[in-house]
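# Observations on the model geometry
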Amino acid sequence: MVQKAEKIWFDGKLVPWDEANVHVLTHTLHYGCGVFEGIRSYKLASGESAVFRLREHIVRHFNSAKIMEMKIPFTVDEIYDAVLETLKVNKLEEGYIRPLSFIGEGVMGVHPGNNPIQTIIATWPWGAYLGEDALEKGIRVKTSTFTRHHVNVMMTKAKTVGNYVNSILAKREAVADGYDEALMLDTAGYVSEATGENIFIVRGGKIKTTPLTSVLDGLTRNSLITLAKDLGYEIIEQRFTRDELYTSDEAFFCGTAAEVTPIREVDRREIGEGKAGPVAKHLQKEYFKVVKGENPKYDSWLDKYSV
């Protein structure tokens, strides 16, 4: 269960958590046209708190809305400030942040007409998305029978509410079959991403990841690529097959919620030695140093605040 906070920011006002409600005929509830972000804040070693790459997340949120032809009636700066205000009023030194823009109540039918575009920002405490053991030991993954979206079927560069029906189907299937997460292939049969994470594999010390042809431009993905290059790793952005994944030395997922999660098994096949590999553990360690403010080189990625 989500741990309730005191307030939710709703169209410019802070309202009590249980009063942040919408009508049952809210357009997005019926047709899935809405956009959202997943963002984390962390308690820093200095005692302050910081949101990881907040402005970039908010800019992506507005880009998602533009793709979906939704005009958010606030500016990037206003939503940026609202996120920090909501964290402070909820006295959250670290936690998860969910901005959501959606089409409100008005006309029904596929075309939303002039229905209002509404925005909320919710914050709550949240630990490791796939469990604390997952970060240390790695997870078991199943290739889904559901294919990832084609670029001309859905807008894959937008973090759109409706896109995640695909993820829900894949995740339910994987969990029902005893796995922790699902791996999605693209329409050509190449490895795409997970239900909410980007994927990396390691072969011969080189790190490979799916190119941004048909996957969301993950900010954690972008951060890890920068971090890995700075640490001296070679990064290759190139399509790869499922059997290349099976025979890789290591594999790991990354995302705001999942952070850096090693993969120990895919489709009953051990990856590498069947545990978190050295490259994944190294990047995980360095990533947590960055988000905890222990590497001043990346201070520009931290939007600091105090509660």
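Looking up the chain in an unreviewed UniProt entry gives the name Branched-chain-amino-acid aminotransferase, with the organism given as Desulfovibrio ferrophilus. Here the chain is described in UniProt, under the heading Cofactor (unreviewed entry), as follows: "pyridoxal 5'-phosphate". Taken verbatim from the UniProt record of the chain, the Sequence similarities (unreviewed entry) comment is "Belongs to the class-IV pyridoxal-phosphate-dependent aminotransferase family."

Relative to strand β10 (residues 191-194), strand β9 (residues 181-185) runs antiparallel, the two being bridged by three bridges. Looking at β10, one finds that M184 is bridged to E193. Between β9 and β10, which pair antiparallel in sequence order, lie five residues; one of them, G189, sits at a positive phi of approximately 95 degrees.

One pass over the full model with this rule turns up 19 salt bridges. In this structure, K208 and E244 form a salt bridge, with 2.8 Å as the shortest nitrogen-oxygen distance. Within this pair, whereas K208 is found in strand β12 (residues 206-209), its partner E244 is found in helix α7 (residues 242-246), the two being separated by 36 residues in sequence. What makes K208 buried here is its relative accessible area of 11%. What makes E244 buried here is its relative accessible area of 18%. In this structure, the salt-bridge partner of D267 is R242, at a minimum N-O distance of 4.0 Å. With a gap of 25 residues between them, D267 in the loop between β15 (259-266) and β16 (269-270) and R242 in helix α7 connect regions that are remote in the sequence.

Inspection of the entire model under this criterion finds eleven aromatic pairs. Where F10 meets F102, the ring centres are 6.4 Å apart and the plane angle is 75 degrees; that geometry is what we call edge-to-face. Highlighted residues: F10 in strand β1 (residues 7-10) and F102 in strand β6 (residues 95-103), separated in sequence by 92 residues. Both residues of the pair, F10 and F102, belong to the buried class. An angle of 5 degrees between the planes, with centres 5.1 Å apart, marks the rings of F200 and F252 as stacked. Here F200, found in strand β11 (residues 198-203), pairs with F252, found in strand β14 (residues 250-255); they are 52 residues apart in sequence, far enough to count as distant. Overall, F252 belongs to the buried group, its relative accessible area being 0%. Here the aromatic cluster, defined as three or more aromatic residues joined through ring pairs, consists of F52, Y287, F288, Y298 and W301. Over the face of the ring belonging to Y190 we find R239, whose NZ or CZ atom lies 3.9 Å from the ring centre. Here the basic side chain of R269 rests over the ring of Y246, its NZ or CZ set 4.1 Å away from the ring centre.

Another aspect to go through is the environment of R264. With respect to the helices, strands and loops of the structure, R264 is situated in strand β15. Since its relative accessible area comes to 27%, R264 is described here as partly exposed. For the pair R264 and L54, spaced 210 residues apart in sequence, the C-alpha separation works out to 31 Å. Leave out the neighbours within four places in its chain, and R264 touches K137, G138, I139, R140, R269, E270, I271, G274 and K275.

What follows concerns the packing of helix α6 (residues 219-230) against helix α8 (residues 278-291). A packed helix pair is summarised by two numbers, namely the angle formed by the two axes and the spacing between the axes. Their axes nearest at 11 Å, the elements α6 and α8 cross at an angle of 110 degrees. Overall, the two elements α6 and α8 adopt an arrangement that is roughly perpendicular. The segment α6 lies against α8, with T220, L224, L227 and A228 engaging L283, E286, Y287 and V290. Its residues placed into classes, the contact of α6 with α8 shows six nonpolar, one polar and one charged.

Parameters and conventions
- Residues numbered from 1 in each chain as written.
- Predicted model: local features only at pLDDT ≥ 70, side-chain atom pairs only at ≥ 80, totals over all residues.
- Heavy atoms only, no water.
- UniProt positions renumbered as here; feature names shortened; annotations may be inferred.
- Pairing = 2+ DSSP bridges.
- Helix = DSSP H or I, 4+ residues; strand = E, 2+ residues; numbered from the N terminus.
- Salt bridge = Lys/Arg side-chain N within 4 Å of Asp/Glu carboxyl O.
- Buried < 20%, exposed > 50% of the residue type's maximum accessible area, 1.4 Å probe, protein only.
- Phe/Tyr/Trp six-rings, centres within 6.5 Å; stacked < 30°, edge-to-face > 60°.
- Lys NZ or Arg CZ within 6 Å of the ring centre and 35° of its normal.
- Contact = heavy atoms within 4.5 Å.
- Axes fitted to C-alpha atoms, helices over the stretch in contact; angles between N-to-C directions.
- Parallel < 35°, antiparallel > 145°, perpendicular 65-115°, else oblique.
- Nonpolar A, V, L, I, M, F, W, Y, C, P; charged D, E, K, R; others polar.

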